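This is what each chain is made of:
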Amino acid sequence: MPSEKAKENKTLVAQCSACGKSISAELIHGVLVERAGRRTAIPICDACREQGWQAPADDA
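Remember, predicted model here, so these are calculated numbers, not experimental data.

Asker: Explain the overall build of the chain here, please?
Answerer: A count of helices and strands for the chain gives two helices and four strands. Its helices and strands in sequence order give the chain the pattern α-β-β-β-β-α, from N to C terminus. Sorting the 60 residues of the chain into buried and exposed places 18% on the buried side. Excluding contacts between residues fewer than 6 apart, the proportion of contacts in the chain whose partners are at least 24 apart in sequence is 26%. Accessible surface for the chain amounts to roughly 4,700 Å². Of this, 47% is attributable to carbon and sulfur atoms.

Written out as structure tokens, the structure reads:
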């Protein structure tokens, strides 16, 4: 559970790849996807993850 102090720290932010919102890094999940034969971690927020966000298909 992230602390309130960590959530309010404006320097510890990351951008959700699904919705584009800048959110506290404490509330971001790294989702592993395979792109061009390599695994890559994509930052996804709690809300998008709970809605069942799926990574787009790899066109390579």
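Resuming the write-up.
Asker: Is there a simple way to think about the confidence of the model for the chain in this case?
Answerer: Looking at the chain, the pLDDT average stands at 82 and 83% of residues meet or exceed 70. The secondary structure element of the chain with the lowest average pLDDT is helix α1 (residues 4-8), at 68, and the one with the highest is strand β4 (residues 38-45), at 90.

Asker: Would you explain the nonpolar core in this entry?
Answerer: Grouped together as the largest cluster of nonpolar side chains are eight residues: C16, I23, I28, V33, I42, I44, C45 and C48. Of all elements in the fold, only β3 (28-35) and β4 reach the threshold of two or more residues within this core. Sort the elements by how many residues they give to this core and β4 lands first, with three residues. Sequence-distant contacts of C16, defined by excluding residues within four places in its chain, comprise K21, I28, P43, I44, C45 and C48.

Asker: Just checking my understanding: could you explain unusual backbone geometry for this structure?
Answerer: Leaving glycine aside, a negative phi is the common case for residues, and trans is the common case for peptide bonds. The phi dihedral of A36 falls on the positive side, at around 50°, and the residue is not glycine. Positionally, A36 belongs in the loop between β3 and β4. Looking at A36, the relative accessible area reads 58%, which means it is exposed.

Asker: Is there a simple way to think about the pairing of β4 in this case?
Answerer: In summary, the side chains of a regular strand alternate between the two faces of the sheet. As defined by bridge partners, β3 adjoins β4 across eight bridges and the pair is classed as antiparallel. Of the residues in β4, the one forming a bridge with L32 is A41. Where β3 folds back onto β4 in an antiparallel hairpin, the turn is made up of two residues, including A36, whose phi is positive at roughly 50°.

What counts as what
- Residues numbered from 1 in each chain as written.
- Predicted model: local features only at pLDDT ≥ 70, side-chain atom pairs only at ≥ 80, totals over all residues.
- Heavy atoms only, no water.
- Helix = DSSP H or I, 4+ residues; strand = E, 2+ residues; numbered from the N terminus.
- Buried < 20%, exposed > 50% of the residue type's maximum accessible area, 1.4 Å probe, protein only.
- Contact = heavy atoms within 4.5 Å.
- Areas by Shrake-Rupley, 256 points an atom, 1.4 Å probe, with all protein chains shown as cover.
- pLDDT = per-residue confidence, 0-100.
- Core = buried A, V, L, I, M, F, W, Y, C linked by side-chain atoms within 4.5 Å.
- Pairing = 2+ DSSP bridges.

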